[in-house]
Amino acid sequence: MSSAKYSILNELPNIEITALIIQEGSKLAGKTLFDVQFRKNYGVTVVAIRRNDEIIEHPSFDTAFEIADTVYLMGKPEQINMALDLFSKKD
């Protein structure tokens, strides 16, 4: 057996996982996964949220986002780019 670490992402070259931090004033603050509908509206999946020292794996639809959460999105780079504006301050 090879000692190299296996990752399914090696077999899916068009898919990446990106960590984005919810900034103060973000449109996401206080919204739930159900409210945002990441998969329907952006084609990406939220695979986990890091809140302080806690990792919320496979968050449920009623999980609300908080300022400073790190959200792990999985999708194609262009889909993730479409969701980027949600994480920064509202205009």
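Presented here is a report on the structure given in the accompanying data block.

### Points about the pattern of salt bridges
- In total, this model carries 2 salt bridges according to the counting rule given.
- The partner of Glu 66 in a salt bridge is Arg 51, with the nearest N and O atoms 3.4 Å apart. With Glu 66 in the loop between β3 (54-57) and β4 (70-75) and Arg 51 in strand β2 (residues 45-51), this pair connects stretches of sequence that are 15 residues apart.
- For Glu 66, a relative accessible area of 40% gives the class partly exposed.
- Several salt bridges share partner residues, and in doing so they unite Arg 51, Glu 66 and Asp 69 into one network.

### Concerning the layout of surface pockets
- The volume enclosed by the largest pocket comes to roughly 200 Å³.
- Taken together, Leu 33, Phe 34, Gln 37, Phe 38, Arg 39, Val 44, Thr 45, Val 46, Pro 59, Ser 60 and Phe 61 make up the lining of the largest pocket.
- Going through the elements one at a time, α1 (33-36), α2 (38-42) and β2 are the ones with two or more residues in the lining of the largest pocket.
- Looking at side-chain class alone, the lining of the largest pocket contains 7 nonpolar, 3 polar and 1 charged residues.

### Some details on the sheet that holds strand β1 (residues 16-21)
- Sheet architecture is open: 4 strands sit in the order β1-β4-β2-β3, paired in antiparallel fashion. Of all strands in the sheet, those with a lone pairing partner are β1 and β3, marking the two edges. Pairs of neighbouring strands in the sheet enclose a mean axial angle of 20 degrees, with direction left out of account.
- Both β2 and β4 contribute to a ladder of 5 bridges, which runs antiparallel. Of the residues in β4, the one forming a bridge with Thr 45 is Met 74.

### Remarks on the packing of aromatic side chains
- In total, this model carries 4 aromatic pairs according to the counting rule given.
- With 6.4 Å between their ring centres and 35 degrees between their planes, Phe 38 and Phe 87 make a pair best called tilted. Residue Phe 38 is found in helix α2, and its partner Phe 87 is found in the segment after α3 (77-83); the two are separated by 49 residues along the sequence. Across this residue pair, the class does not change: Phe 38 and Phe 87 are buried.
- Here the aromatic residues Phe 38, Tyr 42, Phe 65 and Phe 87 are joined through ring pairs into a cluster of three or more.

### Quick notes on unusual backbone geometry
- Phi is positive for Gln 37, which is not a glycine, with a value near 55 degrees.
- Structurally, the position occupied by Gln 37 is in the loop between α1 and α2.
- Even without glycine at this site, Ala 68 takes up a positive phi of about 80 degrees.
- Mapped onto the fold, Ala 68 is located in the loop between β3 and β4.

Calculation criteria
Along each chain, the written sequence defines residue order, and numbers are assigned to residues from 1. This being a predicted model, a pLDDT of at least 70 is required before a residue's local features are given, and a value of 80 or more before pairs of side-chain atoms are given or counted; all residues contribute to the totals for chains, interfaces and linings. Calculation of side-chain values draws on the structure's entire complement of heavy atoms; hydrogens and water are dropped beforehand. The term salt bridge refers to a pairing of a side-chain nitrogen on Lys or Arg with a carboxyl oxygen on Asp or Glu at a separation within 4 Å. Note on conventions: DSSP H or I runs of at least 4 residues are helices, E runs of at least 2 residues are strands, and numbering of each starts at the N terminus. Accessibility here uses a 1.4 Å probe with only protein chains present; expressed as a share of the type maximum, an area under 20% marks a residue as buried, one over 50% as exposed, and anything in between as partly exposed. Method remark: on a 1 Å grid restricted to protein atoms, a set of points is classed as a cavity if a 1.4 Å probe fits but cannot get out and as a pocket if it is open with protein on both sides within 12 Å along at least five of seven lines; lining residues have an atom within 4 Å of a point. Grid points are joined across faces, edges and corners, and a volume is the space filled by probe spheres set on the points. Gly counts as polar in this scheme, as do all residues outside two lists: the nonpolar Ala, Val, Leu, Ile, Met, Phe, Trp, Tyr, Cys and Pro, and the charged Asp, Glu, Lys and Arg. Strands are treated as partners if at least two bridges between them are detected by DSSP. Here an axis means a line fitted to C-alpha atoms, over the contact stretch when the element is a helix, while the angle between two N-to-C directions is reported on a 0 to 180 degree scale. When the centres of two rings from Phe, Tyr and Trp lie within 6.5 Å, Trp using its six-membered ring, the rings pair. Their planes under 30 degrees apart give stacked, over 60 give edge-to-face, and anything left gives tilted.

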